[in-house]
Amino acid sequence: DDDDDNLKTSTSSTTDDTINDLTTTTTTTTTKNPNHVKTAPYIDYVVDSYRSLTFLMSLWIFYLITLLLFSNIVGRVEREAYCDTPTFSCNLVRDLITWITIAILLSVGGLVIIVPISIANDSSKKSPYIVTFSFVLLALYTFIPYKYIMKYRTHIPHDAPGGGNSTELKRFIQSDFALVITTIFLAFGCIMLFMMAILFVITFVPYEFVANHHPTTWTFWDMLLPSHFTSTANVKLAGTHKVNELLQNAIQMHQLPPDDDTHEHDGSIDDDDDDDESAAAVVHDRRQPVNAIQNFVLNGEHEEQCGGFIWTWKRIFTKELTRKDGIWLHSRLAIGQMGQIISLGLYVTLLSWLAHSLAEDARNARARIIADWRLPDDWESWALNIVPTPSMIYSAFIPGAVIAFISGILLISVYVPSTVSTVLKLRCGLIQTLKNDNFNSYRSSADSTFYNIGGMIYALLGSFVLMFVLFAGLIFLFVWPVTAHFMMLVLSWCLGLCITIGIKTVMLMFCRANFQSAFFRKNPRSANYSALAMECWNIGLGGGVMIGRLTQFLFASAFWIGRIDVQFLDENVSLFGYSFDYTPINYRKEILVHEAHRHPFMERLGAMYLMRLRHGRNFSCDAGACWRILFVKGLMPWLEKYREFGRSRQDENDSPTIHED
């Protein structure tokens with residue numbers, strides 16, 4: 001945060017000048033109340049100005065369940081509705097109409113479902129009538145679809161003449177999967193209605209009463225205050241904390257460094273010093289002006305480890321992440337994480353159902369082969385080797401599913417620490433922003449953050465499927481009789497190669513310890529002999545490099561494809577100007593958008609602008625601005641070098657002439 005502090009303080013005069021300029025155009029409106037602009041705060045995911053994050057996440061879960069149910073219904077449209085013959089053009093027209101219908105259903109459904117229900121989650125309004133309106137709509141959205149789906153399921157003609165005109169839609173409605181999804185849809189709708197009833201009660205509780213009785217630790221009172229209020233208050237506390245730390249660090253730079261031989265840091269004289277002249281010299285030296293610039297150069301840089309996995313989750317639970325660091329975790333991250341958790345459970349459930357179905361099919365197929373007396377004995381044994389046993393399927397599916405599930409848990413758990421780490425890197429300058437040539441690509445299309453929720457869910461699906469296919473497929477090849485012998489040969493070859501590489505590594509360690517010293521050789525002749533032998537040997541061991549790189553990239557891509565928060569491919573990896581990994585850029589845009597709105601210093605700067613617009617020259621007058629500039633330059637004189645360096649860099653960019661001091 002040193003660069004943040006430097007930026008905040010070094011731009012203080014510019015800020016004061018900007019504030020002074022504001023009054024030139026608002027002198028006639030300084031005594032009036034500010035105009036309110038309608039922003040629909042209940043669906044504002046840029047500023048996150050909703051009332052309850054829990055309600056918002058529950059609403060999106062309800063929408064995702066509704067999406068899952070109705071997309072399956074709409075996607076199972078009869079082929080005969082578009083054409084009579086199953087040709088390619090018929091399938092293309094059908095699929096095109098299906099995708100367009102789903103797009104319209106998702107867009108319009110999101111506006112029709114999320115917007116009117118989210119009105120009750122408005123933090124700026126406390127009206128029981130609005131909550132009642134949203135409650136009634138939620139009840140209609142929940143009970144009417146459930147009633148008609150169950151009625152359609154009940155009246156399907158199972159035993160009608162001619163097979164009952166069974167269609168794909170009717171088969172889906174009759175399935176157990178549709179019944180489970182419909183039941184979950186009803187249950188979560190009832191949960192949302194219960195939460196809406198709680199919001200209705202909260203509308204009668206004044207915010208002033210809650211604020212006056214709110215304790216320092218988390219209790220039930222946190223449910224009564226909007227999360228937007230508490231989070232904003234914590235960010236403001238973080239701004240105060242950062243400014244105080246800035247001042248404390250500046251004060252330390254004005255103190256003399258301790259002298260271990262004669263005195264302590266507080267300026268006292270040791271009792272063992274009997275020389276009065278040396279003691280007087282020490283006192284005299286302490287009265288001399290302190291060279292703060294010298295102290296800043298010698299002691300101004302301090303580093304601490306931050307942004308790790310345990311560090312992040314610990315500060316989240318202690319609320320220091322918002323109260324001290326001022327890091328705002330955006331709502332799309334919370335919604336995406338909840339969607340990932342639900343999707344992971346759904347993926348495991350579907351995988352279990354798939355394993356059971358395949359095992360039953362394999363058991364039935366083997367029973368039919370054994371029962372068919374027309375097959376010769378050699379054909380029967382060959383067919384039984386081809387068809388796997390249920391134990392083979394389970395022995396491959398269970399370890400693969402466990403590994404894929406653990407991988408999914410790791411992916412979900414690292415999103416928040418990775419986001420916090422990216423924010424800290426942006427603030428301290430490890431990730432360049434304004435000085436980066438590619439930064440304009442972030443600013444040009446900042447609205448593309450809507451890709452993130454869907455990207456998080458489907459990226460997890462891709463990683464889960466790839467992990468399962470790799471491990472389950474590899475295990476199945478070892479237990480399947482058709483490929484078991486070949487896989488054992490491959491395994492023995494790989495083990496022999498790995499043991500040989502291990503022996504080579506031990507020999508390399510011996511040679512390096514006796515013949516090498518960093519970039520130089522202790523014994524050039526022996527080092528040349530050993531290097532030539534190893535180089536010739538490595539021609540035969542080149543297969544290890546192939547296996548190592550193939551395995552590393554294969555499993556790394558299977559894991560990292562599930563993460564859209566960091567780039568897997570470097571920015572320089574491109575083909576004819578096309579960069580392949582654009583998804584992490586959209587996620588970083590989300591972070592930059594919230595940093596532009598929710599950085600602690602942006603909160604304080606915005607408050608200064610609003611105070612100036614509200615009170616005019618009664619707030620931050622010209623004399624005060626000049627005094628603050630003198631105060632900052634006197635307390636932190638090293639900040640002047642950032643301006644000078646910035647000007648010199650600008651001059652270098654404008655002119656090729658090199659200036660010498």
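These lines cover the structure that appears in this document, whether it is placed above or below. (Residues numbered from 1 in each chain as written. Predicted model: local features only at pLDDT ≥ 70, side-chain atom pairs only at ≥ 80, totals over all residues. Heavy atoms only, no water.)

When helices and strands are counted, the protein shows 26 helices and four strands. By the burial criterion, 35% of the 661 residues in the protein qualify as buried. Taking the intrachain contacts of the protein between residues at least 6 apart in sequence as the baseline, contacts between residues at least 24 apart amount to 77%. For the protein, the accessible surface area stands at approximately 40,300 Å², while carbon and sulfur atoms represent 64% of it. (Helix = DSSP H or I, 4+ residues; strand = E, 2+ residues; numbered from the N terminus. Buried < 20%, exposed > 50% of the residue type's maximum accessible area, 1.4 Å probe, protein only. Contact = heavy atoms within 4.5 Å. Areas by Shrake-Rupley, 256 points an atom, 1.4 Å probe, with all protein chains shown as cover.)

Our next topic: the nonpolar core. Within the largest apolar cluster, 60 residues are counted, with the highest numbers of intra-cluster contacts made by Phe55, Trp60, Phe62, Ile117, Leu138, Met192 and Met196. Broken down by element, the residue count for this core peaks at eleven residues, all from helix α3 (residues 53-75). Of all hydrophobic cores here, the second largest spans 19 residues; its members include Ile431, Phe439, Met456 and Leu592. (Core = buried A, V, L, I, M, F, W, Y, C linked by side-chain atoms within 4.5 Å.)

So, on to empty space enclosed by the protein. Overall, the coordinates contain five cavities of 30 Å³ or more when judged by the stated rule. Empty space within the largest cavity amounts to approximately 50 Å³. Taken together, Ile327, Trp328, His330, Thr419, Val423, Glu590, Ile591, His594 and Glu595 make up the full set of residues lining the largest cavity. Within the residue set of the lining of the largest cavity, elements represented by two or more residues are α17 (390-428) and α23 (583-598). (1 Å grid on protein atoms, 1.4 Å probe; cavity = no way out; pocket = protein on both sides within 12 Å on 5 of 7 lines; lining within 4 Å. Points joined across faces, edges and corners; volume = space filled by probe spheres on them.)

Evaluated as defined, the whole model comprises 14 aromatic pairs. The interplanar angle of 80° and the centroid separation of 6.3 Å between the aromatic rings of Phe559 and Trp560 together place this pair among those described as edge-to-face. An aromatic cluster of at least three residues, connected via ring pairs, comprises Tyr45, Trp60 and Tyr63. Of note, Arg598 hangs over the ring of Trp328, and the distance from its end group to the ring centre comes to 3.9 Å. (Phe/Tyr/Trp six-rings, centres within 6.5 Å; stacked < 30°, edge-to-face > 60°. Lys NZ or Arg CZ within 6 Å of the ring centre and 35° of its normal.)

Our focus in this paragraph is the environment of Val566. Mapped onto the elements of the fold, Val566 is located in the loop between α22 (542-560) and β3 (574-575). The exposure class assigned to Val566 is buried, which follows from its relative accessible area of 18%. A C-alpha to C-alpha distance of 8.6 Å links Val566 and Thr422, two positions 144 residues apart in sequence. When near neighbours in sequence (up to four residues on either side) are disregarded, Val566 contacts Ser418, Trp560 and Pro584.

Mapped onto the secondary structure, Gln516 falls in strand β1 (residues 516-517). Each C-alpha atom, one on Gln516 and one on Ser526, is 9.8 Å from the other, the two residues being ten residues apart in sequence.

This part is about the pattern of salt bridges. Tallied over the full model, the rule gives nine salt bridges. Taking the shortest distance from any N to any O, the salt bridge between Arg315 and Glu320 comes out at 3.3 Å. The exposure class of Arg315 is buried, given its relative accessible area of 15%. In this structure, the salt-bridge partner of Arg363 is Glu360, at a minimum N-O distance of 2.8 Å. Taken together, the residues Arg363 and Glu360, both in helix α15 (residues 331-371) and three residues apart, mark about one turn of the helix. (Salt bridge = Lys/Arg side-chain N within 4 Å of Asp/Glu carboxyl O.)

Relative to the helices and strands, Asp122 resides in the loop between α4 (88-118) and α5 (128-154). Its relative accessible area of 4% is what places Asp122 among the buried residues. Apart from residues lying up to four places away in sequence, Asp122 is in contact with Pro41, Tyr42 and Arg51.

A pair of packed helices can be characterised by two numbers: the angle between their axes and the separation between those axes. Between helix α19 (residues 452-479) and α22, the least distance of the axes is 7 Å, while the angle of their chain directions is 145°. Residues Ser463, Leu466, Met467, Leu470 and Phe471 of α19 form the contact with α22, whose own contacting residues are Leu554, Phe555, Ala558 and Phe559. Looking at the contact of α19 with α22 residue by residue, the class counts come to eight nonpolar, one polar and no charged. (Axes fitted to C-alpha atoms, helices over the stretch in contact; angles between N-to-C directions. Nonpolar A, V, L, I, M, F, W, Y, C, P; charged D, E, K, R; others polar.)

This part is about a nonpolar patch on the surface. A contiguous nonpolar surface patch, about 920 Å² in accessible area, is contributed by Trp560, Phe568, Leu569, Val573, Leu575, Phe576, Tyr578, Phe580 and Tyr582. By secondary structure assignment, the location of Phe568 is in the loop between α22 and β3. (Patch = residues over 30% accessible without salt bridge, like charges linked within 9 Å, V, L, I, M, F, W, Y side chains within 5 Å.)

Moving on: unusual backbone geometry. A positive phi angle is found at Lys319, which is not glycine, with a value near 65°. Here Lys319 is to be found in the loop between α13 (309-317) and α14 (320-323). Residue Lys319 is classed as partly exposed on the basis of its relative accessible area, which comes to 25%. Despite not being glycine, Ala518 shows a phi value in the positive range, around 60°. On the secondary structure map, Ala518 appears in the loop between β1 and β2 (520-521).

Moving on, we come to helix α21 (residues 524-540). Across its 17 residues, α21 extends 25 Å between first and last C-alpha, which sits within 8% of the 24 Å expected from 1.5 Å per residue. Buried residues of α21: Ala527, Ser530 and Met534, and no others. One side of α21 holds all its buried residues, which, seen down the axis, span an arc of 70°. α21 presents Arg525, Tyr529, Leu532, Glu535, Ile539 and Gly540 as exposed residues on the side facing more than 90 degrees away from its buried surface. The elements touched by buried residues of α21 are α20 (481-515), β1 and β2. (Expected span 1.5 Å × (residues − 1). Arc of directions from axis to C-beta.)

Here the focus is α19. The terminal C-alpha atoms of α19 lie 40 Å apart, and with 28 residues this matches the ideal 40 Å at 1.5 Å per residue to within 8%. Turning to α19, its buried residues number three or more, namely Asn452, Ile453, Gly455, Met456, Ile457, Ala459, Leu460, Ser463, Phe464, Met467, Phe468 and Ala472.

Where α5 contacts helix α7 (residues 176-202), the two axes come as close as 10 Å, and the packing angle between them is 165°. Considering their axes alone, α5 and α7 lie roughly antiparallel with respect to each other. Viewed along their axes, α5 and α7 form a crossing whose handedness is left-handed. Residues belonging to the contact of α5 with α7 are distributed by class as follows: 20 nonpolar, five polar and one charged. (Parallel < 35°, antiparallel > 145°, perpendicular 65-115°, else oblique. Left-handed = near helix turned anticlockwise from the far one by under 90°.)

Per the counting criterion, the structure on display carries zero disulfides. Free cysteine Cys306: the closest other cysteine sulfur is in Cys428, separated by 7.3 Å. Note on Cys306: relative accessible area 38%, which makes it partly exposed. (Disulfide = S-S within 2.5 Å.)

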